[in-house]
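# Structural overview for review
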Amino acid sequence: DALFNNPKLVINNVFIDDNIKFIDSYVSGGSVIAYDSGDFTGTRAYLTSIDNNGDVLEAWGSGIRLSSDENNQFIKGMVQLSNGYFVIWLDQRSGYGDIYGQMIDFEGNILGPEEGLPIATQANDQQAPTISYNDTLNEIIVCWEDFRNGSDFDVYCATINASTLEVSNIIDLCVYNGNQKSPSVHSSLDGTYLFVWEDSRAGVTSDIYYQSISNNNYDYINNGIVLCSADFNQFN
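Below is a short write-up of the structure. In this numbering scheme, every chain counts its residues from 1 along its sequence in written order. At least 70 in pLDDT is required for a residue's local features to be given in this predicted model, at least 80 for side-chain atom pairs to be given and counted, and no such filter applies to totals for whole chains, interfaces and linings, which use all residues. Side-chain measures were taken over the full set of non-hydrogen atoms in the model, leaving aside hydrogen atoms and water.

### A look at the sheet that holds strand β8 (residues 117-120)
Paired through their backbone hydrogen bonds, the strands of a sheet run either parallel or antiparallel. With antiparallel pairing, the four strands of this open sheet are ordered in space as β5-β6-β7-β8. Taken across any chain shown, the strands that pair with only one partner, and hence form the sheet edges, are β5 (73-80) and β8. Shown here is a sheet whose adjacent strand axes are inclined to one another by a mean of 30°, direction ignored. Here β5 pairs with strand β6 (residues 84-91) via seven bridges, running antiparallel. Of the residues in β6, the one forming a bridge with Q80 is Y85. DSSP bridges decide pairing: two strands pair if at least two such bridges lie between them. Strands here mean DSSP runs of E at least two residues long; helices mean DSSP runs of H or I at least four residues long; both are numbered from the N terminus. To get an axis, a line is fitted to the C-alpha atoms, and for a helix only the part in contact is used. The angle between two axes follows their N-to-C directions and goes from 0 to 180 degrees.

Shown next as structure tokens:
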């Protein structure tokens, strides 16, 4: 059954496109909504929250901007922690695609740097990020496609301490011939990280490769093991 008698207007920006990217639960009921807000002048990353009645929480006002920087931001992921939410976005302030993030507590306060937390800002494009929260280690992990070498894409990751927001432990997950793209990462209940990605090391088509990390060590050979190398492409 419908929760509200009528649809609730949550975001109302005239002449601006507001596109919802992620929705998560809110600690006291209701939801948190991550959205891109933009027009011909650019796109910015925002967060807002509604209660069980669909009304925007007063503390969140007309939306909380995740970065003060005036270049384009496109939200790519959000995870809920014990004290708030961590959001990542594709950021174009350098002229290339970079990965930035921000931590917001349950009261709507920004906990990271005002302009956003830099996660991946190497040469050329870093894009297509994926994110997971590791409750066992109390850290966030972000993985992405990386074109820093200027010739093909590799997959790199970084962990972020959920208490200090320190970015550390850069992981060269797969740096190999051909393109490694579209990574996914998940944290298991025992703190192990599980990774999969599309990999064209064997030719022009894409296979699916896998890796896991336990206690900061690879569980399989460097650059991963193949899950599926059937004819033609394997995606997603």
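### Overview of the sheet that holds strand β10 (residues 139-146)
Pairing is antiparallel across the open sheet formed by four strands, whose spatial order is β9-β10-β11-β12. Two strands lie at the open edges of the sheet, namely β9 (126-134) and β12 (167-174), each paired on one side alone. Strand-to-strand twist of the sheet, defined as the mean angle between neighbouring strand axes without regard to direction, takes the value 20°. Summarising the sheet, β10 and strand β11 (residues 154-161) pair through eight bridges and their orientation is antiparallel. Bridging from a neighbouring strand, I140 pairs with I160 of β11.

### A look at unusual backbone geometry
Excluding glycine, most residues fall at negative phi; most peptide bonds, likewise, are trans. The phi dihedral of N216 falls on the positive side, at around 70°, and the residue is not glycine. One can find N216 in the loop between β15 (207-214) and β16 (217-218). Three labels apply to residues, based on accessible area from a 1.4 Å probe with only protein chains included: buried if under 20% of the type maximum, exposed if over 50%, partly exposed otherwise in between. On the basis of relative accessible area, N216 is assigned to the exposed category, the value being 65%. If you check the backbone angles, N236 has positive phi at about 55° while not being a glycine. Of note, N236 is situated in the segment after β17 (225-228).

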